Amino acid sequence: MKALLNNLNSRQRDAVKHIGSPLLVLAGAGSGKTRVITCKIAYLIQKCGIKPQHITAVTFTNKAAKEMKNRVQKLLGQGENRGLRVSTFHSLGMDILRSELTRANLKTGFSIFDQHDSKALIKELMPGKMIDEDELNRIVQAISRWKNNFCLPEEALLQAGNDEQEHIAAKLYALYNTHLRAYNAVDFDDLIMLPVMLFKDHPAVQAVWQQRIRYLLVDEYQDTNSTQYQLVKLLIGVRQGLTVVGDDDQSIYCWRGAQPENLALLKEDFPQLTVIKLEQNYRSSGCILKAANTLIANNSHVFKKTLWSQLGYGDLIKVISAPSDEQEAERIVSSIVHHQFRYRCKYGEYAILYRGNHQARIFEKKLREQQIPYYLSGGMSFFSYTEVKDILAYLRLLVNQEDDNAFIRIVNVPRRELGAATIEKLARYAKQRHISLFAASFELGVEQVLNTRQVTSLRQFTDWIIRLTDEIQRRDCVEVVKEMVDVIGYAAWLQENSKSDYAAQKRVENVQDLLSWLERMQKAEENNTLSLADMVSKMLIMDIIERNNEEQNSADQVVLMTLHAVKGLEFPHVYMIGMEEELLPHRNSIEEENIEEERRLCYVGMTRAQKTLTLSYASKRRRYGEHIETAPSRFLSELPAENLEWINKKPQLKEEERIEFGRAHLDKLRTLLQ
DNA sequence: TCGAAAGACTTTTTT
DNA sequence: AGTCTTTCGA
């Protein structure tokens, strides 16, 4: 215990020991916030006698949750963390819903729709044949925004007023929700919103959960949306057991409803709130930290804070320019090769960071040419592979036969002579009778709509599914699932439908990964009580790829990642590429005049670096196949010149650009002198 | 109903 | 440039 606290600085220690009232920890980048949270959990258990099952820590990503769990385990003795809940907001929401199915208006095995499913459903519901993709996206976003702001369809309709587009979206919102419920399904946003509704409607249920969670810790608080904050408030009630940790400078998720204002709002909602700032940075060299501070000083702030570091000044920040995106990649890769050779570093110490996923492609190519091992993060989620979605759709249907989306997805995969035309007819019939496609297949009425052959194939399929659901009850469900994959001949189907043998093999592997993950999940559960339904829902909100990360993390590979995905991580040597106007800041953000979030994104990237930081840009870039002239990012000119080292000579600026560049510097000097 | 080939569209970030 | 979609012919 002593050792536990001795490893902390005084501010961190205050944060850990503060129990009496709600606490807000404003933790700058690299100031040891995860350490504070994990130590606090250990402290609550060991020193305050709070049982682990009464403590819940909430994070935003499964990765962060996992990391936190591991670190707590290391601090505590064997078995001392039994019952401790460290989860994402979404899986906490799911647990709440599962504990109160009936009152939440759900049935066992409810499906979780991801964006793809949701989008497909909304598309179905949109009137008119001509569907404008932009409009669809707008509506999907609008609905998500409403759910994130805890705005019910009725309110949305009222708010829409005379705005025709909003009105249409609000109407669809209501319709979409009705259909979700009919499918016994919820979407991602519902996982937060429905628990809030549940608590509001049933104080008794709320009380149960308040008993269950006596101390709540929330990580990355600046990323919470309104609905999530409401959930936090409902869980806390009048009790004071709350610690939230956040950093308004690292708020980069406003576009999906995050409200960094929630940090300031805490002060109003909890008048007894204590605020502790963590400003000592343990990560980056002085030079990097100073530059990052200067950059972020250009943003407006509610909470002032200045990071400082006891680490040495370190190397200057390198700026590399290149005539084209291709050469940019070449220069960066060769810079890594040289550095790695000269200083005997591991490849795993380097990270290449960028704004958009597509930027990785060219770097992949160059790294492969040089035979440098790399790890590409993000891009494709494991669950977005068609083969994974297919098998998952089978599982969803086994668990929840009302899930029409799952039904449509796999009814003819592999081929069962039940093509689009047949399903179309079935769907029309089901709609008229207000029942699911699955249920419709058993009705006598379908025999009028479909021909004999179609009916036979259809019933063959649905009967088979029924038999399987029955078997799952009686036998080891993972075994049944494995057999099912064999029976449908899925591997052969993949072989036929892949472009190359290699691709087919990869896809078969993915399916096997999915199955072995199911198996592991089943075994991990103590008394083997996990039903298939539980496993499917768990799986849908957890990304398997994150599980494999562990192996990948320990492998010695250069990391390629988006600036969003890199939050929370650190690397000895960081390369930020594509430091150009229209890219960082992104052109859409420039249009929306949302430069501050882009600046924070840049700040997050810079503060990942421990020893060296290299920024690069190209003056010509390929976009949609054509060459575009680009300009260096304004953020480069916001950095203090004395912290930068231009590797290639500064590109010739046009006269007006040079004046602009100089003016920016003068402005900065002036503000510094004030 | 299915496959090949032309054509359209893409790039913001993700639980 | 690369990927996903639509179209046309069998």
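Right above here is the structure, for reference.
Residues numbered from 1 in each chain as written. Chains lettered and ligands numbered in written order. Predicted model: local features only at pLDDT ≥ 70, side-chain atom pairs only at ≥ 80, totals over all residues. Heavy atoms only, no water.

## Details of the overall build of chain A
Then comes step 1: A count of helices and strands for chain A gives 31 helices and 19 strands.
Then comes step 2: Over its C-alpha atoms chain A spans a radius of gyration of 27 Å, differing by no more than 12% from the 26 Å that the globule rule assigns to 674 residues.
Then comes step 3: Along the first, second and third principal axes, the C-alpha atoms of chain A reach 85 × 60 × 55 Å.
Then comes step 4: Pairs at least 24 residues apart make up 77% of the contacts formed inside chain A by residues separated by at least 6 positions.
Then comes step 5: Element-wise, carbon and sulfur atoms account for 50% of the exposed surface of chain A, whose accessible area totals about 32200 Å². (Helix = DSSP H or I, 4+ residues; strand = E, 2+ residues; numbered from the N terminus. Rg over C-alpha atoms; globule rule 2.2 N^0.38 Å. Contact = heavy atoms within 4.5 Å. Areas by Shrake-Rupley, 256 points an atom, 1.4 Å probe, with all protein chains shown as cover.)

## Some thoughts on the protein's contact with DNA strand B
Then comes step 1: Around DNA strand B there are 21 residues in total, and Phe-60, Arg-355, Asn-357, Arg-415 and His-586 lie nearest to it.
Then comes step 2: Backbone sugar and phosphate groups make up 47% of those atoms of DNA strand B lying within 4 Å of the protein.
Then comes step 3: Within the side chain of Asn-588, one N or O atom sits 2.9 Å away from a phosphate oxygen of DNA strand B.
Then comes step 4: The residue makeup of the surface near DNA strand B, split by class, is six nonpolar, 11 polar and four charged. (Near = heavy atom within 4 Å. Polar contact = N/O pair within 3.5 Å; in protein donor to acceptor, adjacent residues only side chain to side chain. Nonpolar A, V, L, I, M, F, W, Y, C, P; charged D, E, K, R; others polar.)

## Regarding the protein's contact with DNA strand C
Then comes step 1: Surveying the vicinity of DNA strand C reveals the residues Arg-361, Arg-622 and Tyr-624.
Then comes step 2: For DNA strand C, a base nitrogen lies 3.4 Å from a polar atom in the backbone of Tyr-624.

## Quick word on the packing of aromatic side chains
Then comes step 1: By the definition in use, this model includes 12 aromatic pairs.
Then comes step 2: Ring plane angle 20° and centroid distance 5.8 Å describe the contact between Tyr-490 and Trp-493, whose orientation is recorded as stacked. Here Tyr-490 and its partner Trp-493 are both found in helix H24 (residues 490-497), three residues apart, which amounts to about one turn of the helix.
Then comes step 3: Residue Trp-493 is classed as buried on the basis of its relative accessible area of 13%.
Then comes step 4: The ring of Trp-209 has Arg-212 sitting right over it, with the charged end atom 4.4 Å from the ring centre.
Then comes step 5: The ring of Phe-341 has Arg-344 lying over it, and the distance from NZ or CZ to the ring centre is 4.8 Å. (Phe/Tyr/Trp six-rings, centres within 6.5 Å; stacked < 30°, edge-to-face > 60°. Buried < 20%, exposed > 50% of the residue type's maximum accessible area, 1.4 Å probe, protein only. Lys NZ or Arg CZ within 6 Å of the ring centre and 35° of its normal.)

## A closer look at the packing of helix H8 (residues 153-160) against helix H9 (residues 164-182)
Then comes step 1: Relative orientation of the contacting elements H8 and H9 amounts to 170°, with a least axis distance of 8 Å. Viewed along their axes, H8 and H9 adopt a mutual orientation that is roughly antiparallel. Touching Pro-153, Ala-156, Leu-157 and Ala-160 of H8 are Glu-166, His-167, Ala-170, Lys-171, Tyr-173, Ala-174 and Asn-177, all from H9.
Then comes step 2: Each residue belonging to the contact of H8 with H9 can be placed in one class, and the counts come to seven nonpolar, two polar and two charged. (Axes fitted to C-alpha atoms, helices over the stretch in contact; angles between N-to-C directions. Parallel < 35°, antiparallel > 145°, perpendicular 65-115°, else oblique.)

## Topic: the environment of Cys-151
Then comes step 1: In this structure, Cys-151 sits in the loop between helix H7 (133-148) and H8.
Then comes step 2: Since its relative accessible area comes to 4%, Cys-151 is described here as buried.
Then comes step 3: Sequence-wise, Cys-151 and Thr-227 are 76 residues apart; in three dimensions their C-alpha atoms are separated by 8.9 Å.
Then comes step 4: When residues no more than four places from it in sequence are discounted, the contact partners of Cys-151 are Trp-146, Ala-156, Gln-159, Tyr-173 and Met-193.

## Concerning the pairing of strand E3 (residues 85-88)
Then comes step 1: Taken together, the four bridges between strand E2 (residues 55-59) and E3 define a ladder with parallel strand orientation. Along E3, the bridge assignment pairs Val-58 with Ser-87.
Then comes step 2: A crossover connection joins E2 to the parallel E3 through helix H4 (residues 62-75); in handedness this β-α-β unit is right-handed. (Pairing = 2+ DSSP bridges. Right-handed = clockwise from strand over helix to strand, strands pointing away.)

## Examining helix H3 (residues 33-46)
Then comes step 1: Between its terminal C-alpha atoms H3 stretches 20 Å, which fits the 20 Å expected from 14 residues at 1.5 Å a residue.
Then comes step 2: For H3, the buried fraction is high: 12 of the 14 residues fall into the buried class.
Then comes step 3: Along H3, the positions that sit buried rather than exposed are Lys-33, Thr-34, Val-36, Ile-37, Thr-38, Cys-39, Lys-40, Ile-41, Ala-42, Tyr-43, Leu-44 and Ile-45. (Expected span 1.5 Å × (residues − 1).)

## Overview of unusual backbone geometry
Then comes step 1: Leu-584 connects to Pro-585 through a cis peptide bond whose omega is 5°.
Then comes step 2: Located in the positive-phi region is Glu-582, a residue other than glycine, with phi close to 80°.
Then comes step 3: Along the chain, Glu-582 falls in the loop between strand E15 (571-576) and helix H28 (587-591).
Then comes step 4: One non-glycine residue, Glu-593, lies in positive phi territory at about 55°.
Then comes step 5: In this structure, Glu-593 sits in the loop between H28 and helix H29 (595-606).
Then comes step 6: Judged by its relative accessible area of 69%, Glu-593 is exposed.

## Concerning the sheet that holds strand E6 (residues 215-218)
Then comes step 1: Read across the sheet, six strands follow the order E3-E2-E6-E7-E1-E8 without closing on themselves; strand pairing throughout is parallel. The sheet terminates laterally at E3 and strand E8 (274-278), the two strands that pair on one side only. For this sheet the average axis-to-axis angle between neighbouring strands, irrespective of direction, equals 15°.
Then comes step 2: Relative to E6, E2 runs parallel, the two sharing four bridges. Residue pairing for E6: Thr-56 is matched across the bridge by Leu-216.
Then comes step 3: Helix-sheet contacts for helix H12 (residues 226-236) involve E6 and strand E7 (242-246), and the interaxial angle to E6 is about 160°.

## Side note on the environment of Leu-4
Then comes step 1: Structurally, Leu-4 is set in helix H1 (residues 2-6).
Then comes step 2: For the pair Leu-4 and Tyr-43, spaced 39 residues apart in sequence, the C-alpha separation works out to 8.3 Å.
Then comes step 3: If we ignore the near neighbours within four places in the chain, the residues touching Leu-4 are Cys-39, Ala-42, Tyr-43 and Leu-75.

## A few points about the pairing of E6
Then comes step 1: The alternating pattern of E6 places Tyr-215 and Leu-217 and Leu-216 and Val-218 on opposite faces, both of which are buried.
Then comes step 2: Across three bridges, the pairing between E6 and E7 is parallel. Note that in E7 the partner of Val-218 across the bridge is Val-244.
Then comes step 3: Following the chain from E6 across H12 to the adjacent parallel E7, one finds a crossover that is right-handed.

## With respect to the sheet that holds strand E16 (residues 609-618)
Then comes step 1: Taken in spatial order, the seven strands of this open sheet run E13-E14-E12-E15-E16-E11-E19, and their pairing is parallel. Every interior strand has two partners, whereas the edge strands, strand E13 (374-376) and strand E19 (644-646), have only one. Sheet twist, expressed as the average angle between the axes of neighbouring strands with direction ignored, equals 25°.
Then comes step 2: Across three bridges, the pairing between E13 and strand E14 (residues 558-562) is parallel.

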